[in-house]
Amino acid sequence: MACSVFKAMGFFDNILYGFQVTFQPVNFLFCGIGVLVGTLVGVLPGIGPAGAMALLLPATFKFSPTSTLILLAGIYYGVQYGGSTTSILVNIPGEASSVITCLDGYQMARQGRAGPALGIAAWGSFIAGTIANLGLMFVAVPLAYAALSLGPPEYFSLMCMGLVIVTYLAQRSVLKAIMMALVGIILGSIGLDLITGLPRFTFGINELTDGVGIIPLVMGLFGISEILENLEESLERDVFKAPIKNLWPSLKDWAQAKWAIVRGSIIGFLLGILPGGGAVISPFVSYAVEKKISKNPEKFGKGAIEGVASPESANNAAAGASLIPLLSLGIPPNPIMAIFFSALIIHGIQPGPLLIKQHPDLFWGLVASLYLGNALLIVLNLPLIGIWVKVLKIPYKILFPLILLFCLIGAYSMNNVNFDLYVMIFFGVLGWGMRKFGYEGAPLILAYVLGPMLENALRQSLLISQGSFWIFMTRPISAVALGFAIFLLLSNLFPFFRKRRREYGEFKE
Amino acid sequence: MKTLDQASGLFWLSVSIAVFIESLRLGIGKVQNPGMGFMTLGASGILGILSLALFIRASVSREEGKARPLFSGRLWKRVLLVLFVLSVYSIVMPMLGYLLSTFILMTILFWVLERKRIWLVFMASFLSTLISYFVFSKWLNCQFPDGLFGL
């Protein structure tokens, strides 16, 4: 039965076709650059995956959208790997998705087991990435076919649900996260109105008729604001000094970590599909599950190899899985996917259910590149661990001017106008203020990208229903999605859920 | 946190009021055929309510003792200097050209955290400007302004 399904879908032909696309020299090169840059960004503080993608995006304009997406995907899962290196060796997570790895990874390093910790993180990432790729192939295509039957009301409700989940999973206040999502919707509405073609909120500034550019926005909110915050502190990092040996985990290590890797991969994959889940939350959940079911929970936090294997597998699986809603529904589930979404739009491709059918080279090329990228990460990174340790030792006084320069170049080269530099600096200051006042940038970015689509879907739905809001409740998928979103919003009022959220927050702290 | 939440609540409340008024001016249309300001009116309305809720919640909370100063004891003057330099760079870059303006910018940025070895600052600025120019302009075809001096 399964074989006939594969045959009908031309499954293996598509995979072979994908590898043909990926192994074209330019795509192969972009995949390699992507994972290298991603690892570098994961290791270094101050720029993050969103900033790195935004920086390199203008440089990809003369290349095909497939090459661009392969590059961005390489950065995304390269970051997950690079982040674990700093967590294990410095006890400072390179990225939010590697925070939990610090607990046991650094303890292992202190016990002279930095090598196995790095090794199991790399192999766990590789295995999880491969599992996520398989899931992506099996889920995305049928989901895209199913999504063809969805109309504006369903899209509106699904996007609302996505935004609400992102705000619900906010690391700080839910109230502030919702406020940021609303600010993002307002920012997304700047520019020409989609239906009338008239300008709004442009204040007579010509450069704003195309809207606020996502690159200066992301660079400002994530890149510049982080640098400004770091400049306020004196950043000294104490890098683990003992030689790193035995990168290949022992049989005993494998025996202890194998099920943690499998469970982490599955949890990461399932949470990665959900809007807002992404690579950030899944490591926390998988670590908590691993500790809960362990026969020796007291070992966690003291150098348990499962405590490294599980979250590192989860964040890589989630990174792969979060491509599913984007490629099959056209809905970015998190800010990183929002940048992918913008990259596709910039290259003239409309993300949505027809993407796989109309651009098979892009979809299957991307899928095959994920396999290649994961393999490259193992091949390049384990032997090069010494280089990454040296990179960790670069002082911040050298790094921060360079990161600022990259941000300036990235923002400017998008349209070659210095107005984008003003926009970036403005959002840099705003982002810096937001950090100080306890607001998060992620809901803002996601809402900024979803805002125009949300508005379009709302207006089309109301036109179809002749002004009746019941259209969102009379269609089953729309009703379920909207009902779930409303339930999540209201759950903040119930003491049980508030207590759970507080526990989650304390766990993250 | 109390004062910070009060201040930020008021800030977002004022933003929401401004957007709300502008949305009304743009026209909200009818429910059957929503206008340009329909969505933003709704978003700004909810933002206003939530900002007010944040302000009120912060005002009635008793967390005053935990409030921490926003700037004191931190190296915030560095931040202001960097922001000022970046702003000036954004304005003068098209006039002075990429190479000259970026060299000056990088010199100041490197100098902010390394004031002892000036020769090192100049060398790092020179190299970073030149390498970035060749990578982004020559290799990746980004179009940087030449400026008055053709640099």
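A quick note: this is a predicted structure, and the numbers were derived from the prediction, not measured. (Residues numbered from 1 in each chain as written. Chains lettered and ligands numbered in written order. Predicted model: local features only at pLDDT ≥ 70, side-chain atom pairs only at ≥ 80, totals over all residues. Heavy atoms only, no water.)

### Notes on helix α17 (residues 360-381) of chain A
(1) Moving on: With 22 residues, α17 of chain A extends 30 Å between its outermost C-alpha atoms, agreeing within 8% with the 32 Å of an ideal straight helix rising 1.5 Å per residue.
(2) Moving on: With 17 of its 22 residues buried, α17 of chain A lies for the most part within the structure. (Helix = DSSP H or I, 4+ residues; strand = E, 2+ residues; numbered from the N terminus. Expected span 1.5 Å × (residues − 1). Buried < 20%, exposed > 50% of the residue type's maximum accessible area, 1.4 Å probe, protein only.)

### Things to note about the nonpolar core
(1) Moving on: In this structure, M179, L217, F340 and F400 of chain A together with V82 of chain B are the most contacted members of the largest nonpolar core, which totals 196 residues.
(2) Moving on: Discounting residues that sit within four places of it in the chain, V82 of chain B has contacts with L228, L231, F400 and L404 of chain A together with L109 and V112 of chain B.
(3) Moving on: If you look at the next biggest cluster of nonpolar residues, it comprises five residues, including I100, F284, F300 and A304 of chain A. (Core = buried A, V, L, I, M, F, W, Y, C linked by side-chain atoms within 4.5 Å. Contact = heavy atoms within 4.5 Å.)

### Quick notes on the packing of aromatic side chains
(1) Moving on: Evaluated as defined, the whole model comprises 19 aromatic pairs over all chains.
(2) Moving on: Ring centres of Y439 of chain A and W12 of chain B lie 6.2 Å apart, and the angle between their planes is 65°; this geometry places the pair in the edge-to-face category. Taken together, the residues span two chains, with Y439 of chain A in the loop between α20 (419-436) and α21 (442-465) and W12 of chain B in helix α1 (residues 2-26).
(3) Moving on: Classification of Y439 of chain A by relative accessible area gives buried; the value is 4%.
(4) Moving on: A ring pair is formed by F11 of chain B and W12 of chain B, whose centres lie 4.8 Å apart and whose planes are at 70°; its orientation type is edge-to-face.
(5) Moving on: Joined through ring pairs, the aromatic side chains of Y412 of chain A together with Y98, Y133, F134 and F144 of chain B make up one cluster.
(6) Moving on: The ring centre of Y439 of chain A lies 5.1 Å from the NZ or CZ of K176 of chain A, which sits over that ring. (Phe/Tyr/Trp six-rings, centres within 6.5 Å; stacked < 30°, edge-to-face > 60°. Lys NZ or Arg CZ within 6 Å of the ring centre and 35° of its normal.)

### A closer look at the interface of chain B and chain A
(1) Moving on: Taken together, the 65 residues of chain B in the interface contact 60 residues of chain A.
(2) Moving on: Summing the contributions of chain B and of chain A, the shared interface buries around 5,500 Å²; its carbon and sulfur component is 78%.
(3) Moving on: The largest per-residue losses of area from chain B upon contact with chain A belong to W12, M36 and M39 of chain B, which jointly make up 13% of the total buried on that side.
(4) Moving on: Between chain B and chain A we count one salt bridge in total.
(5) Moving on: A salt bridge links D5 of chain B to K176 of chain A; its shortest N-O distance comes to 2.6 Å.
(6) Moving on: Remark: the boundary between chain B and chain A carries seven residue pairs in polar contact (both at pLDDT 80 or more).
(7) Moving on: Secondary structure elements with two or more residues in the side of chain B that touches chain A: α1, α2 (38-60), α3 (76-96), α4 (98-113) and α5 (118-139) of chain B.
(8) Moving on: With 12 residues, α3 of chain B is the single largest residue contributor to the side of chain B that touches chain A. (Buried area = accessible area lost by both parts, 1.4 Å probe. Salt bridge = Lys/Arg side-chain N within 4 Å of Asp/Glu carboxyl O. Polar contact = N/O pair within 3.5 Å; in protein donor to acceptor, adjacent residues only side chain to side chain.)

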